Amino acid sequence: MYDESYLGGKEFLRVLNELIGDFDELLRYPQFYCIEKIKTIGSTFMAASGLNSKMREEQDDPNEHLYALMEFALAMQDVIDNFNRDLLEFNLILRVGYNFGDVTAAVIGNTKLYYDIWGDAVNIASRMDSTGVNGRIQVGEHCLSILEKRYAFQKRGSVYVKGKDNMDVYLLLRKNDECSV
Ligand SMILES: Nc1ncnc2c1ncn2[C@@H]1O[C@H](COP(=O)(O)OP(=O)(O)OP(=O)(O)O)[C@@H](O)[C@H]1O
């Protein structure tokens, strides 16, 4: 990207803040109501979808929140593309790790409350990101059973995931034709 310590880190913070602000804005769109921003970790934006079981029950398709999360990742990519187009000196790169599964969600702490999510599914999502490919969205094989209905993937191979040994992983190629508008 560029030097994070330039101008004592101020410039990095300004750009990151603008970018995260744009990602936050996306969450106001009705199609992303099921998505929660959990937190930012360094320059990582962590979001989860379908945490509200009542909202999930009201969906036409029980997996709609999983598709919404993939759409959110694609919308984030558009934000990055626009950013790079508008500010020619930048060439920001987004790397996305995607996963789904059961999570434990809770507010933790007594006086300093903090909402977070935990579980194997969260760890794997994090690993899909950390072992991922710049500019691409990486998912584990088990995600295909649901996502392939709307998206096409290319097999990347197998990556070592701590606690899981090797996992077969796939990179998003495109949306399936019948779903593209
Ligand atoms: N709620 C969360 N918020 C932020 N990061 C998370 C969360 N849950 C899991 N992770 C991240 O997912 C990754 C995988 O977790 P895992 O339990 O497999 O390994 P770990 O022993 O914590 O690994 P590490 O050596 O990377 O700290 C970790 O880097 C962890 O920080």
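Positions within a chain are numbered from 1, following the residues in the order the chain's sequence is written. Local features in this predicted model are restricted to residues of pLDDT 70 or higher, and side-chain atom pairs are both shown and tallied only at a pLDDT of 80 or more, whereas totals for entire chains, interfaces and linings draw on every residue. Side-chain metrics in this entry use all non-hydrogen atoms of the structure; hydrogen atoms and water are not considered.

**Student:** What exactly am I supposed to notice about the overall build of the protein here?
**Tutor:** In this text, helices come from DSSP runs of H or I with a minimum length of four residues, and strands from runs of E with a minimum of two, each type numbered from the N-terminal end. Along its length, the protein carries five helices and eight strands. What you see for the protein is a C-alpha radius of gyration of 17 Å, in line with the 16 Å of a compact globule of 181 residues. With the principal axes as the frame, the protein shows a C-alpha extent of 45 × 45 × 35 Å. Burial analysis of the protein (181 residues in total) assigns 41% to the buried set. We call two residues contacting when some pair of their heavy atoms lies within 4.5 Å. If you take every contact in the protein between residues at least 6 apart in sequence, the share linking residues at least 24 apart comes to 56%. Charged residues are defined here as Lys and Arg on the positive side and Asp and Glu on the negative side; His and the ends of the chain fall outside this count. For charged residues, the charge sits on one atom: NZ in Lys, CZ in Arg, CG in Asp, CD in Glu. Across the protein, 20 positive and 28 negative side-chain charges occur, with their mean positions spaced 4 Å apart. The atom set for the radius of gyration is the C-alpha atoms, and the globule formula is 2.2 Å times the number of residues raised to the power 0.38. Three labels apply to residues, based on accessible area from a 1.4 Å probe with only protein chains included: buried if under 20% of the type maximum, exposed if over 50%, partly exposed otherwise in between.

**Student:** Help me out: how do you make sense of the nonpolar core in this one?
**Tutor:** For soluble globular proteins, nonpolar side chains are generally found buried alongside one another. Take the buried residues of types Ala, Val, Leu, Ile, Met, Phe, Trp, Tyr and Cys, join any two whose side-chain atoms come within 4.5 Å, and each joined set is a nonpolar core. One finds Phe 23, Met 70, Tyr 98, Val 139, Leu 147 and Phe 153 to be the most contacted residues of the largest nonpolar core, which totals 40 residues. Of all the secondary-structure elements, those providing two or more residues to this core are helix H1 (10–26), helix H3 (64–86), strand E3 (96–98), strand E6 (137–140), helix H5 (144–147), strand E7 (151–161) and strand E8 (165–175). For this core, the element with the most residues is H3, which contributes 12 residues. Start and end positions for the domains come from either an automated domain assignment or a database one. A domain split of this core shows at least three residues from each of domain 1 (1–94) and domain 2 (119–181). Among all residues touching Met 70, those that are not within four sequence positions of it are Tyr 98, Ile 137, Val 139, Leu 147, Tyr 151, Phe 153 and Leu 172.

**Student:** Looking at this model, I keep getting lost on the packing of aromatic side chains. Mind explaining?
**Tutor:** In this description, a pair of aromatic rings is defined by centroid distance and the angle of the planes. Between rings of Phe, Tyr and Trp, where Trp is taken as its six-membered ring, a pair exists when centres lie within 6.5 Å; planes separated by under 30 degrees are stacked, by over 60 edge-to-face, and by other angles tilted. In the structure shown here, the tally under the stated rule is five aromatic pairs. Between Phe 23 and Phe 45, the aromatic rings sit 5.4 Å apart at their centres with planes inclined by 75°, giving edge-to-face as the arrangement. Here Phe 23 is found in helix H1, whereas its partner Phe 45 is found in strand E2 (residues 44–49), with 22 residues between them in sequence. Judged by its relative accessible area of 3%, Phe 23 falls in the buried class. Phe 45 sits in the buried class, given a relative accessible area of 13%. Geometrically, the ring pair formed by Tyr 29 and Phe 32 is tilted, given 6.5 Å between the ring centres and 55° between the ring planes.

**Student:** I keep staring at the pairing of E7 and nothing clicks. Help me out?
**Tutor:** Looking down a regular strand, the side chains alternate between one sheet face and the other. Note: E7 against E8, 10 bridges, orientation antiparallel. When the bridges of E8 are listed, Val 161 appears paired with Asp 165. Linking two consecutive strands that pair antiparallel, namely E7 and E8, is a turn of three residues; a positive phi of about 85° is found at Gly 163 within it. For two strands to pair, DSSP has to find at least two bridges joining them.

**Student:** Just to check I follow, could you spell out unusual backbone geometry for this structure?
**Tutor:** For residues that are not glycine, phi is negative in most cases, and the peptide bond is trans in most cases. Phi is positive for Asp 165, close to 60°, though the residue is something other than glycine. Along the chain, the position of Asp 165 falls in strand E8. When its relative accessible area of 52% is taken as the criterion, Asp 165 is described as exposed.

**Student:** Mind showing me how you'd approach the site of the ligand here?
**Tutor:** Only heavy atoms are used to decide nearness, and a residue is near a molecule or strand if one of them lies within 4 Å of it. Close to the ligand lie Lys 39, Ile 41, Met 46, Asp 116, Ile 117, Val 122, Asn 123, Ser 126, Arg 127 and Lys 162. Each polar contact in these results corresponds to two N or O atoms within 3.5 Å; when the atoms are within protein, one needs to be able to donate a hydrogen and the other to accept it, and residues that are neighboring in sequence are counted only if both atoms are side-chain atoms. Contacts to the ligand include Lys 39, whose side-chain N or O atom sits 2.7 Å from a nitrogen atom. Here Asp 116 contributes a side-chain N or O atom positioned 3.1 Å from a nitrogen atom of the ligand. Expressed as a share of its isolated accessible area of 600 Å², the protein-covered part of the ligand is 56%. Side-chain classes follow a simple rule in which Ala, Val, Leu, Ile, Met, Phe, Trp, Tyr, Cys and Pro form the nonpolar group, Asp, Glu, Lys and Arg form the charged group, and the remainder, Gly included, forms the polar group. In the shell around the ligand, the residues fall into four nonpolar, two polar and four charged. Among the domains, domain 1 (1–94) and domain 2 (119–181) are the pair contributing at least three residues each to the shell around the ligand. Accessibility throughout is a Shrake-Rupley quantity obtained with a 1.4 Å probe, and a residue counts as covered only by protein chains that appear here.

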